[in-house]
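Summary of the model geometry
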Amino acid sequence: MPEPPPARCPSDPESPTVLTTPTIRTLGPSDLSEVLGVLDQDPVANAFVTARVLDSGLEQPQLGGQLWGWYQDSRLTSLCYAGANLVPVAAGPAAVRAFARRALHEGRGCSSIVGPAGPTARLWSLLQPHWGPAREVRARQPLMATSRPAPGVTPDPLVRRVRKDEMDLVLPAAIAMFTEEVGFSPLDAEDGGLIYQARVAETVGTGRCFARVEDGRVVFKAEIGAVTPRTCQLQGVWTAPDRRGEGLATRGLAAVLRFALADEAPLVSLYVNDFNAPALAVYRRLGFRETGTLMSVLF
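Treat the numbers as computed from the prediction; the structure is a model and nothing was measured.

**Considerations on the packing of helix H5 (residues 167-182) against helix H6 (residues 194-205)**
Packing of H5 against H6 brings their axes to within 10 Å, and their N-to-C directions diverge by 120°. As summarised for this structure, H5 and H6 are arranged oblique, according to the angle between their axes. The handedness of the crossing between H5 and H6 is right-handed. Together, Met167, Val170, Leu171, Ala174, Ile175, Met177 and Phe178 of H5 and Tyr196, Gln197, Val200, Ala201 and Val204 of H6 make up the contact between the two elements. Residue classes in the contact of H5 with H6 are distributed as 11 nonpolar, one polar and no charged.

Structure (structure tokens):
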């Protein structure tokens with residue numbers, strides 16, 4: 001890996017913010033305003049990190065990881081969230097190299113690297129010799145967004161919020177969705193799936209999990225994940241395999257989209273694998289348009 005000029009890499013969140021040389025450091029609550037300024041440059045692409053920052057106020061452990069900042073000419077210009085995901089934000093080549101050095105120093109604690117395609121690809125090229133091979137690389141994932149209800153699509157009236165007492169109902173569908181999307185069951189994790197089940201419970205508890213239930217079985221589900229004042233992100237979209245091709249996803253997402261726009265944010269986004277032609281067709285029919293491209297590296 002080519003080495004740029006040495007950069008100071010303090011890890012203390014209280015390190016001085018008046019910096020005259022390219023520097024990377026861990027950020028804390030006193031940096032919140034500057035951090036939000038960087039994140040606001042692309043509120044759709046940065047929704048996940050923005051939501052974590054706003055929910056935690058950059059206090060650990062609420063943040064669920066660390067947030068590294070890259071300073072150029074005394075100005076915070078780039079970020080990298082390091083938790084269960086490693087996520088570069090507004091990161092040019094020099095910042096990516098610095099984040100790669102820091103990640104190698106800390107060791108891999110993430111299960112994926114995900115972010116805008118260009119910086120993520122550069123970051124992975126530096127980490128791959130040490131962290132590779134990846135289980136899967138999804139090099140192009142269209143990032144899509146819309147600010148209006150689905151044109152010409154009637155929302156499914158049977159899609160509703162999952163109640164807090166319905167975890168046993170929705171969990172099998174959530175596990176099936178995860179297994180199909182990622183390639184292994186969350187129950188096979190070292191903790192037996194406890195962290196995943198807690199995440200599903202949080203989504204249900206906040207009223208951001210939606211489903212169509214027939215005869216005691218979830219046949220369609222979707223969730224609202226990251227939420228910020230400017231956007232929210234759909235995730236966990238799934239239709240029971242034996243019910244696909246009936247239009248449940250199109251009508252169901254139209255219903256979830258209405259809930260999201262009314263209750264969460266003025267813009268709704270999602271990202272999808274470029275090889276998933278059926279999903280892309282559904283999202284385009286619902287009025288979603290591409291706003292960027294993400295990339296994911298899965299371990």
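**What to know about the pattern of salt bridges**
Under the criterion given, the structure shown has 19 salt bridges. Across the pair Glu214 and Arg212 runs a salt bridge whose closest N-O atoms are separated by 2.7 Å. One network of salt bridges, with partners in common, ties together Asp156, Arg212, Glu214, Arg243 and Glu246.

**Topic: the sheet that holds strand E12 (residues 289-298)**
The strands making up a sheet associate through hydrogen bonds between their backbones, and the pairing can be parallel or antiparallel. Taken in spatial order, the 12 strands of this open sheet run E1-E2-E3-E4-E5-E12-E6-E11-E10-E9-E8-E7, and their pairing is mixed. With partners counted over all chains shown, the strands left at the sheet margins are strand E1 (23-26) and strand E7 (159-161), one partner each. The average angle at which neighbouring strand axes cross in this sheet is 25°, direction not considered. Strand direction decides the pairing type here: strand E3 (residues 75-82) and strand E4 (residues 85-89), joined by four bridges, are antiparallel. The partner of Ala82 across the bridge, within E4, is Leu86. Across the face of the sheet, helix H4 (residues 117-131) comes into contact with E4, strand E5 (112-116), strand E6 (136-146) and E12 while running at roughly 155° to E5.

**Some details on the side chain of Glu264**
Note that Glu264 resides in the loop between helix H7 (248-263) and strand E11 (268-271). Side-chain polar atoms of Glu264 contact the side chain of Arg208, separated by 3.4 Å. With residues up to four places along the chain from it excluded, the contact list for Glu264 reads Arg208, Ile224, Val227, Thr228, Cys232 and Phe259.

Calculation notes
Residues numbered from 1 in each chain as written. Predicted model: local features only at pLDDT ≥ 70, side-chain atom pairs only at ≥ 80, totals over all residues. Heavy atoms only, no water. Axes fitted to C-alpha atoms, helices over the stretch in contact; angles between N-to-C directions. Helix = DSSP H or I, 4+ residues; strand = E, 2+ residues; numbered from the N terminus. Parallel < 35°, antiparallel > 145°, perpendicular 65-115°, else oblique. Left-handed = near helix turned anticlockwise from the far one by under 90°. Contact = heavy atoms within 4.5 Å. Nonpolar A, V, L, I, M, F, W, Y, C, P; charged D, E, K, R; others polar. Salt bridge = Lys/Arg side-chain N within 4 Å of Asp/Glu carboxyl O. Pairing = 2+ DSSP bridges. Polar contact = N/O pair within 3.5 Å; in protein donor to acceptor, adjacent residues only side chain to side chain.

Nothing here speaks to function; it is geometry throughout.
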